[in-house]
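Tertiary structure, described
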Amino acid sequence: MSFNLKTKALNDTAVVTLMNPDDSGVALVDPDTGLDCTITIFGRTSKEYRVWAATAARKAEKQGKKKLSIDEVAENTADFLTAITKSVSGIDLDGEVLDNPASIKKMYMLP
């Protein structure tokens with residue numbers, strides 16, 4: 001039997017633990033602190049998520065039913081993920097700390 005998610009109240013944020021991509025089932029660990037690498041995201045009940053959703057709806061309305069390219073879809077997805085990311089812990093991008101929207105978007109734009 002699986003866990004019924006509807007039995008729990010939603011929080012404004014959720015912490016996502018990054019797992020090792022080698023399928024070992026082991027979390028990525030920050031070598032400096034020994035703590036799991038995590039990304040904290042805003043959920044649908046948060047003000048940050050609602051602001052992004054309203055902005056995206058207005059943008060989509062202005063664009064009409066325009067067909068998007070793959071690059072535009074990737075850019076929109078990165079914008080969404082950046083908007084709902086509260087913090088990143090234990091990872092960097094070639095030494096660059098992921099503590100601002102521009103660096104976080106770079107992370108989400110990686111192939």
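This text goes with the structure placed above it.
Just so it is clear, the model here is predicted, and its values are computed rather than measured.

This part takes up the sheet that holds strand β2 (residues 38-42). Spatial strand order, β1-β2-β3: 3 strands in an open sheet with antiparallel pairing. Edge strands, defined here as strands with exactly one partner in the open sheet, are β1 (13-17) and β3 (85-89). Sheet twist, expressed as the average angle between the axes of neighbouring strands with direction ignored, equals 15°. Where β1 and β2 come together, 5 bridges link them in antiparallel fashion. Paired with A14 across the two strands is I41, which belongs to β2.

When the terminal C-alpha atoms of helix α2 (residues 70-84) are compared, their 21 Å separation across 15 residues agrees well with the 21 Å that a helix rising 1.5 Å per residue should span. Taken together, the buried positions of α2 are A78, T82 and I84. Elements that come into contact with the buried residues of α2 comprise β2, α1 (47-63), β3 and α3 (101-109).

Here we come to the nonpolar core. Soluble globular proteins tend to bury their nonpolar side chains together. Grouped together as the largest cluster of nonpolar side chains are 8 residues: L18, C37, I39, V88, L93, L98, I104 and M107. Apart from the residues lying within four places of it in its own chain, the contact partners of I104 are T82, T85, V88 and L98.

What follows is about the pairing of β2. Summarising burial for β2: 4 of the 5 residues are buried, a large majority. Note: β2 against β3, 4 bridges, orientation antiparallel. Opposite T38, over in β3, you have S89 as the bridge partner.

Take the packing of aromatic side chains next. Applying the stated criterion to the full structure yields 3 aromatic pairs. Geometrically, the ring pair formed by W52 and F80 is tilted, given 4.4 Å between the ring centres and 55° between the ring planes. Here the residue W52 occupies a position in helix α1, and F80 occupies one in helix α2, the gap between them amounting to 28 residues. Ring-pair connections join several aromatic residues into one group, and the members of that group are Y49, W52 and F80.

Before going further, it helps to examine the pattern of salt bridges. Following the criterion strictly, the structure yields 3 salt bridges and no others. Its salt-bridge partner being K105, residue E75 comes within 2.4 Å of it at the nearest N-O pair. You can see E75 sitting in helix α2 and its partner K105 sitting in helix α3, a full 30 residues away along the chain. Judged by relative accessible area, E75 falls into the partly exposed class, the value being 33%. The shortest N-O distance in the salt bridge between K106 and E96 comes to 3.0 Å. You can see K106 sitting in helix α3 and its partner E96 sitting in strand β5 (residues 96-97), a full 10 residues away along the chain. The partly exposed category is assigned to K106, whose relative accessible area is 45%. Taken together, the shared-partner salt bridges in this structure form one network comprising E75, D79 and K105.

Here is what the cut-offs are and how they apply
- Residues numbered from 1 in each chain as written.
- Predicted model: local features only at pLDDT ≥ 70, side-chain atom pairs only at ≥ 80, totals over all residues.
- Heavy atoms only, no water.
- Pairing = 2+ DSSP bridges.
- Helix = DSSP H or I, 4+ residues; strand = E, 2+ residues; numbered from the N terminus.
- Axes fitted to C-alpha atoms, helices over the stretch in contact; angles between N-to-C directions.
- Expected span 1.5 Å × (residues − 1).
- Buried < 20%, exposed > 50% of the residue type's maximum accessible area, 1.4 Å probe, protein only.
- Contact = heavy atoms within 4.5 Å.
- Core = buried A, V, L, I, M, F, W, Y, C linked by side-chain atoms within 4.5 Å.
- Phe/Tyr/Trp six-rings, centres within 6.5 Å; stacked < 30°, edge-to-face > 60°.
- Salt bridge = Lys/Arg side-chain N within 4 Å of Asp/Glu carboxyl O.

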